[in-house]
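# What the coordinates show
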Amino acid sequence: VSDNGETILNRISLNDTKLTPAQKGTLVHFVLQNIDLSNVSDMCSVDKQIEQMIEKGFFDKEYKNIIDINSIFNFFTSDIGKRMLASEKVYREFKFCVDIPANELGYNTDKETVLMQGVIDCCFLENDEFVIIDYKTGSLSDKYKMQIELYKKCLEISTGKKVKETHICPLI
């Protein structure tokens, strides 16, 4: 819910019968950002938390069937999901804003920088190094490999810590 009381999907009309892929992604990312990571040990717990989000007015009940609870639960029980849950420090929706030397992005200059800003879906510390997770709810393409490599560079610059792994996790 935003500061003015609107739901996360306030731009979706109640008359909409079908969400766009971007709106579906927003909904799933919202759930993953707000779910209590200490209570995802079984599918029933995940489902109950989504019901609680609906009860709190975060989104309408009619959109629950869009959320693939099985995919979310399977993520938490996957190897990378278990590692994330075991981490003492998990960051969700990690915002960054960094200057990157333009020559590192393929520009032919040693004097310019490019301001990069964005949001990493999830990252966590493991042995004082970061692991990045990028959730995808639609079809995968090669452009996401470049995106996650930029995330890696930006996270290393903004935190001064090494990123040891990156993962693109489809939630379809």
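Refer to the preceding data block for the structure.
Let me sum up the structure you'll find in this document. (Residues numbered from 1 in each chain as written. Predicted model: local features only at pLDDT ≥ 70, side-chain atom pairs only at ≥ 80, totals over all residues. Heavy atoms only, no water.)

Attention now goes to the packing of aromatic side chains. The relation between two aromatic rings is expressed through the spacing of the ring centres and the mutual angle of the planes. Counted by the stated rule, this structure contains seven aromatic pairs. With a centroid separation of 6.4 Å and 90 degrees between ring planes, the pair formed by Phe30 and Phe59 is classed as edge-to-face. Taken together, the residues Phe30 in helix H1 (residues 21-34) and Phe59 in the loop between helix H2 (43-55) and helix H3 (69-77) connect sequence positions 29 residues apart. For Phe30, a relative accessible area of 8% gives the class buried. (Phe/Tyr/Trp six-rings, centres within 6.5 Å; stacked < 30°, edge-to-face > 60°. Helix = DSSP H or I, 4+ residues; strand = E, 2+ residues; numbered from the N terminus. Buried < 20%, exposed > 50% of the residue type's maximum accessible area, 1.4 Å probe, protein only.)

The tally for this structure, following the rule as stated, stands at nine salt bridges. One salt bridge connects Lys64 with Asp47, and the closest N-O pair in it is separated by 2.6 Å. You can see Lys64 sitting in the loop between H2 and H3 and its partner Asp47 sitting in helix H2, a full 17 residues away along the chain. Of the residues examined, Lys64 reaches a relative accessible area of 16% and is grouped as buried. Relative accessible area serves as the criterion here: at 25%, Asp47 is assigned to the partly exposed category. Two residues, Glu126 and Arg83, come together in a salt bridge whose shortest N-O distance is 2.6 Å. Note that Glu126 is positioned in strand S2 (residues 113-126) and Arg83 in helix H4 (residues 79-86), a separation of 43 residues in sequence. One connected set of salt bridges, linked through shared partners, spans Asp47, Glu51, Lys61 and Lys64. (Salt bridge = Lys/Arg side-chain N within 4 Å of Asp/Glu carboxyl O.)

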